[in-house]
Every structure is written in structure tokens, then in C-alpha cells.
Amino acid sequence: MRRLLLGIYGFAFFNKFLLLTPVYAIFMQQNGLNDLQLSTMFIISALGTILCQGPITFITNRLGQRWSMMIGQMLKVFAIVLWLVLPNYTGFVIGMFAWGAQAGFRSVAFEGLVYDGVAIYGNKRDYSRILGRKSTYESVGVALSAFGSLLMFMGYTWVTWASVMAILISMICLIMLPHIPIASSKNVVAIPMRKLLRSGLNICLKIPCLMSVMILTLLIINIPFLDDFLSPIGLQIGIPTEYVGVVPLFLLGCATIGQRFAYRFTKIHDGLLYLLIGGVGAAFIAFGLHYDVWSLWIMGIAYMLFYGIYTLLYSRFQHMIPPRHRSVVLSVYTTLNYVLYMIVCGVVGLGATLGSWRFSIIILGLLMLVVCAWAMLRVRRQCPLNK
């Protein structure tokens, strides 16, 4: 079990510890991308994740979770080296698509690997705690990546190769993992994307609680997810450009607390858990109405709550998946996750056209209140998780 956790936490950290994370968008714009073209990069990345779910599931079932993750990491290395070698729109598009495919491998293979590993070498009851700690290591990796912008004086090439080194270390962590058997077979055939989604949805529909908890989990992680917009929000509320990084670092710290201690509340009553969803919505609305530096603490509470709630719900969702269908169901989950992400980005953009990001935040808060009402009135009755 110790070897398993060392490999999981090590991969979680080094997979996110990429010094180019805060500067690759700047690099792209310095090489000719305008604001609109840059925005398409995130859509292309999400499409890469969605469109590759069929091949990813086939590869995972055929080769196993560990070696599938190795392929995903090689795709990430290919993407960032390609940006350095071919710094134009075509190179950026191909690289972002490959990065999106890597995200698909992580969501399907790695998340399944973590759950199956804990089930084999530990206790399923520990999964929520381990999931929270894994997320904490990921958050620390992201936080330390922020120093990449301070190292740009050494050149983008140096930052790129330092990031490649981090990815290679993450692959060593995967090799360190103990053997985790899965239901793989040489007779596995590739499933077209449409059939994969239909198969996964049919499995979820046969288990109503699984479907409800999956949808609720997806809504919780996507609707309040403002991570990609925190810097411009910080500028609007009056934080100087050189200090705007304080906003994501502060909220990331709050999110880490929520993830880290969520396991202590695995037996929380459903009604209270769903009411806290409404609390996230109310906090977003309050911040949008005040919209100044001093009200950031309200967003801190919201981030702590929604990351903690997500950890608990995702843990319950994993417990409900039939083991032999885990890869297929996680593929459906990943696909829907990125579809919702693109929709929420559209909603945020629409709100911003009203003149300020504050309107986007208020709209998201209202949507969270709707999710709270649905969870209380429908999910709670249909699928009582903790009585």
C-alpha cells in the first residue's frame, strides 16, 4: 500500500508541476496568436479529450491502466516539444489536441487505477481520504508551477525542458506502482465513440443512483469552476498586474483545504451536503454583488466548499461503478465533463459581454442554487446515499 501511495502522489505532483503552465499562453501570443485564436486552443484541447475517448478506452482495456498512462504522458511531452519546434498556429493546434488526449488518459486510466489500487491493496473506505490527498498534491504542483513566470528570463526553451523532466519523473512514479490487475483481454476491440457513449449511458441508466450522482458531480465541478478566469477577475477588482497571481494562489489554497479534509465528512447527511451546494451559489452571488478585493474571502469559502463537495461526490460516484465497466463509465464521465466545461465557458463569456466578469459570477451562483434545489428535491429522494 505504501508503494502504491508513493506512486500515486508522486505522479499527481509531477504531472501538474509544469513550469510552462503560467507562460505557454504568453508564448503562443508572442508567436502570432490573437485573443480569439488563443481562446480556440482551450476548445481544441477539450475536443481532443472528447474525440479520443473511444481509442483511450480500448487502449486502457487492452494494455492496462499503467501503460495507458505512459502513452498519455508521451503525448504531453510531444505537445510541449512541438510548440518549441513549430511555434505557429498549426503546431499549437496539434499540441493542444495531443494535450487534450493526455487529459483523457488521465481521467480514464489514472482515476480508475487509483480506485482499483486502493480496493486491492487497501480499503475502499480509505478512497475518499486518498482522493483528497491526491488532489492536494496536484494543487501543490500547480501552485509551484506559478514560479515558471519568474524564470522566463532564462528563456522559454529552459522552461520547456524543465517541464519535460517533470513529466519523465511522473512516468518513473508510474513504473514504481505495484501490479494492479484489471479485466483486460487480447480480444478487446475498439469501440466507436458513439457506441462507447451509448454503452456507458446504458450502464448508468440501469443504475439510477449512479446516473444521478454522476450528473450532480459533473455539475458541481464545472459550474463554479472559474480557475481559468481568475487572473482577469483579479485585474477587474483592482489588483495590480504584478500581484494578480495572489488571487489563484489564495483560492487554490482554499480549494486544497477543502480537498484535504473532505474525507472527514464522508458520513455527512445528504440534506446538509446538498444545502452546502446552495451555500456555494449564495457565496458566488455575494461576491459578484460586492466585487472587490475585500470580498475575496467569500470566494475562498466558496472554493473550499465546492472542492470538498466534489471530492465527496466523486468518491461516491466511483463506489457505485461496476468494476468491469469502470473504463467505459469513466469515459462517458470524462466526455460529459468536457462538454459541460465548454458550455460553462460559453456562459461565462456571455456574462462578460454585459460589461464585467461579475455578471458571469452571479449567473453561475444562480445556477448553483438551481442545482441545490434539484439535488434536494430529486436526487435526495431517488438516491439516498447516507441516512
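The following refers to the structure shown. For clarity, every value in this text was computed on a predicted model and none was experimentally measured.

### Overview of the overall build of the protein chain
In step 1: The secondary structure content of the protein chain amounts to 16 helices and zero strands.
In step 2: Looking at the protein chain residue by residue over its 387 residues, the buried ones come to 52%.
In step 3: A sequence separation of at least 24 residues applies to 85% of the contacts in the protein chain between residues at least 6 apart.
In step 4: By element, 68% of the accessible surface of the protein chain is carried by carbon and sulfur atoms, the whole surface being about 17100 Å².

### So, the packing of helix α10 (residues 208-222) against helix α14 (residues 296-320)
In step 1: At a minimum axis distance of 9 Å, the contact between α10 and α14 shows a crossing angle of 155°. Overall, the two elements α10 and α14 adopt an arrangement that is roughly antiparallel. The interaxial crossing formed by α10 with α14 has left-handed handedness. Within the contact between the two elements, α10 uses C209, L210, V213, M214, L216, T217, I220 and I221 and α14 uses F306, I309, Y310, L313, Y314, F317 and M320.
In step 2: Partitioned by chemical class, the residues of the contact of α10 with α14 number 14 nonpolar, one polar and no charged.

### As for the packing of aromatic side chains
In step 1: Per the stated rule, a full pass over the model turns up twelve aromatic pairs.
In step 2: When the ring of Y310 is compared with that of Y314, the centres are 5.6 Å apart and the planes differ by 35°; the resulting orientation is tilted. Here Y310 pairs with Y314, and both are found in helix α14, just four residues apart, close to one helical turn. Considered together, Y310 and Y314 belong to a single accessibility category, that of buried residues.
In step 3: Taking 5.0 Å as the distance between ring centres and 25° as the angle between the ring planes, the aromatic pair formed by F317 and Y333 counts as stacked. With F317 in helix α14 and Y333 in helix α15 (residues 326-352), this residue pair connects regions lying 16 residues apart in the sequence. For the pair F317 and Y333, one class covers both residues: buried.

### Some points on the nonpolar core
In step 1: Within the largest apolar cluster, 111 residues are counted, with the highest numbers of intra-cluster contacts made by W83, L226, Y303 and F317.
In step 2: Among residues more than four places away in sequence, those in contact with Y303 are P224, F225, L226, D227, L230, L251, C254 and A255.

### Observations regarding the environment of P55
In step 1: Mapped onto the elements, P55 comes out in helix α4 (residues 53-63).
In step 2: For the pair P55 and A101, spaced 46 residues apart in the sequence, the C-alpha separation amounts to 9.8 Å.

### Notes on a nonpolar patch on the surface
In step 1: Taken together, the side chains of I43, L47, L51 and F97 make up a nonpolar region of the molecular surface, amounting to roughly 330 Å² of accessible area.
In step 2: Assignment of secondary structure puts L51 in helix α3 (residues 35-51).
In step 3: With a relative accessible area of 52%, L51 lands in the exposed category.

### Description of the side chain of R106
In step 1: For R106, the location among the structural elements is in helix α6 (residues 89-121).
In step 2: Discounting residues that sit within four places of it in the chain, R106 has contacts with N15, M69, E111 and E138.

### Here we look at the side chain of R316
In step 1: In this fold, R316 is placed in helix α14.
In step 2: In terms of polar contacts, R316 uses its side chain to reach the backbone carbonyl oxygen of I268, at 3.5 Å.
In step 3: At a separation of 3.4 Å, a polar atom in the side chain of R316 contacts the side chain of D270.

### Here we look at the environment of F105
In step 1: With respect to the secondary-structure elements, F105 resides in helix α6.
In step 2: Note: C-alpha distance between F105 and T57 (48 residues apart in sequence) is 8.4 Å.
In step 3: Ignoring anything within four residues of it in the chain, the contact list for F105 reads I56, I59, S68, M69, I71, G72, L75 and F110.

### So, the pattern of salt bridges
In step 1: In this structure the tally under the stated criterion is two salt bridges.
In step 2: Notably, a salt bridge pairs K134 with E138, separated by 3.4 Å at the nearest N-O pair. Taken together, the residues K134 and E138, both in helix α7 (residues 127-145) and four residues apart, mark about one turn of the helix. In this pair, the class of K134 matches that of E138, namely buried.
In step 3: In this structure, D270 engages R316 in a salt bridge whose closest nitrogen and oxygen atoms are separated by 3.4 Å. Here R316 lies in helix α14 and D270 lies in helix α13 (residues 270-290), a separation of 46 residues in the sequence.
In step 4: With a relative accessible area of 10%, R316 lands in the buried category.

What counts as what
Residues numbered from 1 in each chain as written. Predicted model: local features only at pLDDT ≥ 70, side-chain atom pairs only at ≥ 80, totals over all residues. Heavy atoms only, no water. Helix = DSSP H or I, 4+ residues; strand = E, 2+ residues; numbered from the N terminus. Buried < 20%, exposed > 50% of the residue type's maximum accessible area, 1.4 Å probe, protein only. Contact = heavy atoms within 4.5 Å. Areas by Shrake-Rupley, 256 points an atom, 1.4 Å probe, with all protein chains shown as cover. Axes fitted to C-alpha atoms, helices over the stretch in contact; angles between N-to-C directions. Parallel < 35°, antiparallel > 145°, perpendicular 65-115°, else oblique. Left-handed = near helix turned anticlockwise from the far one by under 90°. Nonpolar A, V, L, I, M, F, W, Y, C, P; charged D, E, K, R; others polar. Phe/Tyr/Trp six-rings, centres within 6.5 Å; stacked < 30°, edge-to-face > 60°. Core = buried A, V, L, I, M, F, W, Y, C linked by side-chain atoms within 4.5 Å. Patch = residues over 30% accessible without salt bridge, like charges linked within 9 Å, V, L, I, M, F, W, Y side chains within 5 Å. Salt bridge = Lys/Arg side-chain N within 4 Å of Asp/Glu carboxyl O. Polar contact = N/O pair within 3.5 Å; in protein donor to acceptor, adjacent residues only side chain to side chain.

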